[in-house]
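Architecture and fold: a report
So you can see what is in the structure, the chains are spelled out below.
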Amino acid sequence: MENQKTPKTVLIAEGLLKSYGLKGNAQQVLQGIDLRVIEGEFVGIMGPSGSGKTTLLNTLATIDRPTEGQVSIKGNEISKMRDSQLSSIRREHLGFIFQEYNLLDTLTVKENILLSVSLTKISKNQAETKFNAIAEILDIKELANKYPSEISGGQKQRTSAARALIHSPSIVFADEPTGALDSKAAAKLLDNLHEINQVRQVTIVMVTHDPLASSYCSRVVFLKDGRIFSELYRGEKTRESFFKDILDMQAVLGGGNQK
């Protein structure tokens, strides 16, 4: 019993409020969010348009600061950190995958991926080993010397994912990672992320409007009007069964338009 490994908490958000605009005319986007993410979870965040899901992700990911409340990542309370401290947290603990890829056109696939570790103290051999390992999983090793203009959208997004993962972050934040992909490329990326989550125990928090994408998650958090409305856990369910549960919850939330 004492020897049993207790799951570690990677991220804690408490009492998150986020508003935009001046007092008296402020728009309250997040209205008291409490969230805990355990090491090795794959958490989806869904909700109707205007529910606050992207704002929540940005606040958790240090891209934006909460108006009130606090966020802790690996025991570091980040809400009131200086920008220099936040840069260090991002470099050491966080990975980011965005819908737009954000690759540098003048760098090759390999150079784009290695950007994440270029400022660290790892050796060239270590960087090469890390690149080979992550490129193998994401099936982009043969693209190493190609430029972004020479590869498909799906390959660009897998390159973006490799860049987010190469430095072994504590948590990866993904904002609509399949939003710009066709169904085949989206399925390939989701299969890769699921494998990385399961085999490497990488913690992922993903905002998506797509119930199919969410069916790859171990838990889905549903927002409505800036609050957590409900949560679904996959448990031992098949992905097909979990997908149906997600569709049912979308219907309860008010239809299919979740963008």
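What comes next concerns the included structure.

Some details on the overall build of the protein chain
Along the backbone of the protein chain there are eight helices and 10 strands. Here the C-alpha atoms of the protein chain give a radius of gyration of 18 Å, agreeing with the 18 Å that 2.2 N^0.38 yields for 259 residues. With respect to the three principal axes, the spread of C-alpha positions in the protein chain is 50 × 50 × 45 Å. For the protein chain, contacts bridging at least 24 residues in sequence account for 69% of all contacts bridging at least 6. The averaged location of the 30 negative side-chain charges in the protein chain is 3 Å from the averaged location of its 32 positive side-chain charges.

Some words on the packing of aromatic side chains
What characterises a pair of aromatic rings is the spacing of the ring centres plus the angle enclosed by the ring planes. Scanning the model with the defined rule gives two aromatic pairs in all. Between phenylalanine 96 and phenylalanine 173, the ring centres sit 6.3 Å apart and the planes meet at 25°, which makes this aromatic pair stacked. With phenylalanine 96 in strand β6 (residues 94-98) and phenylalanine 173 in strand β7 (residues 171-175), the pair connects residues that are 77 residues apart, well separated along the chain. The pair phenylalanine 96 / phenylalanine 173 is uniform in exposure class, with both members buried. An aromatic cluster is defined as three or more aromatic residues linked by ring pairs; in this entry it consists of Phe96, Phe98 and Phe173. Over the face of the ring belonging to tyrosine 216 we find arginine 239, whose NZ or CZ atom lies 4.2 Å from the ring centre.

A few points about the sheet that holds strand β4 (residues 68-73)
An order of β2-β1-β4-β5 is seen for the four strands of this open sheet, with the pairing classed as antiparallel. Among the strands making up the open sheet, the edge pair consists of β2 (27-38) and β5 (76-77). Relative to β5, β4 runs antiparallel, the two being bridged by two bridges. Bridge pairing in β5 links isoleucine 73 to asparagine 76. Strands β1 (9-20), β2 and β4 of the sheet are contacted by helix α1 (residues 53-60), whose axis makes an angle of about 125° with β1.

What about the packing of helix α4 (residues 124-137) against helix α6 (residues 183-200)?
Look at α4 against α6: their axes get within 10 Å of each other, and the N-to-C directions meet at 125°. As summarised for this structure, α4 and α6 are arranged oblique, according to the angle between their axes. Contacts from Ala133, Ile134 and Ile137 in α4 reach Asn192, Glu195, Ile196 and Arg200 in α6. Across the contact of α4 with α6, the residue classes break down as four nonpolar, one polar and two charged.

Focus on the pairing of β4
Relative to β4, β1 runs antiparallel, the two being bridged by five bridges. Across the sheet, the residue bridging to alanine 13 is valine 71, located in β4. Hairpin connection of β4 to β5: two residues between the antiparallel strands, including lysine 74 at a positive phi of 50°.

What to know about the packing of helix α5 (residues 153-165) against α6
Remark: α5 packs on α6, axes separated minimally by 9 Å, with the N-to-C direction vectors making an angle of 20°. The orientation of α5 with respect to α6, classified from their angle, is roughly parallel. When the axes of α5 and α6 are compared, the crossing they make is right-handed. Packed against α5, whose contacting residues are Gly154, Gln157, Arg158, Ala161 and Leu165, the element α6 presents Ala185, Lys188, Leu189, Asn192 and Ile196 at the interface. Residues belonging to the contact of α5 with α6 are distributed by class as follows: five nonpolar, three polar and two charged.

Definitions and limits used
- Residues numbered from 1 in each chain as written.
- Predicted model: local features only at pLDDT ≥ 70, side-chain atom pairs only at ≥ 80, totals over all residues.
- Heavy atoms only, no water.
- Helix = DSSP H or I, 4+ residues; strand = E, 2+ residues; numbered from the N terminus.
- Rg over C-alpha atoms; globule rule 2.2 N^0.38 Å.
- Contact = heavy atoms within 4.5 Å.
- Lys, Arg positive; Asp, Glu negative; His and termini not counted.
- Charge placed at Lys NZ, Arg CZ, Asp CG, Glu CD.
- Phe/Tyr/Trp six-rings, centres within 6.5 Å; stacked < 30°, edge-to-face > 60°.
- Buried < 20%, exposed > 50% of the residue type's maximum accessible area, 1.4 Å probe, protein only.
- Lys NZ or Arg CZ within 6 Å of the ring centre and 35° of its normal.
- Pairing = 2+ DSSP bridges.
- Axes fitted to C-alpha atoms, helices over the stretch in contact; angles between N-to-C directions.
- Parallel < 35°, antiparallel > 145°, perpendicular 65-115°, else oblique.
- Nonpolar A, V, L, I, M, F, W, Y, C, P; charged D, E, K, R; others polar.
- Left-handed = near helix turned anticlockwise from the far one by under 90°.

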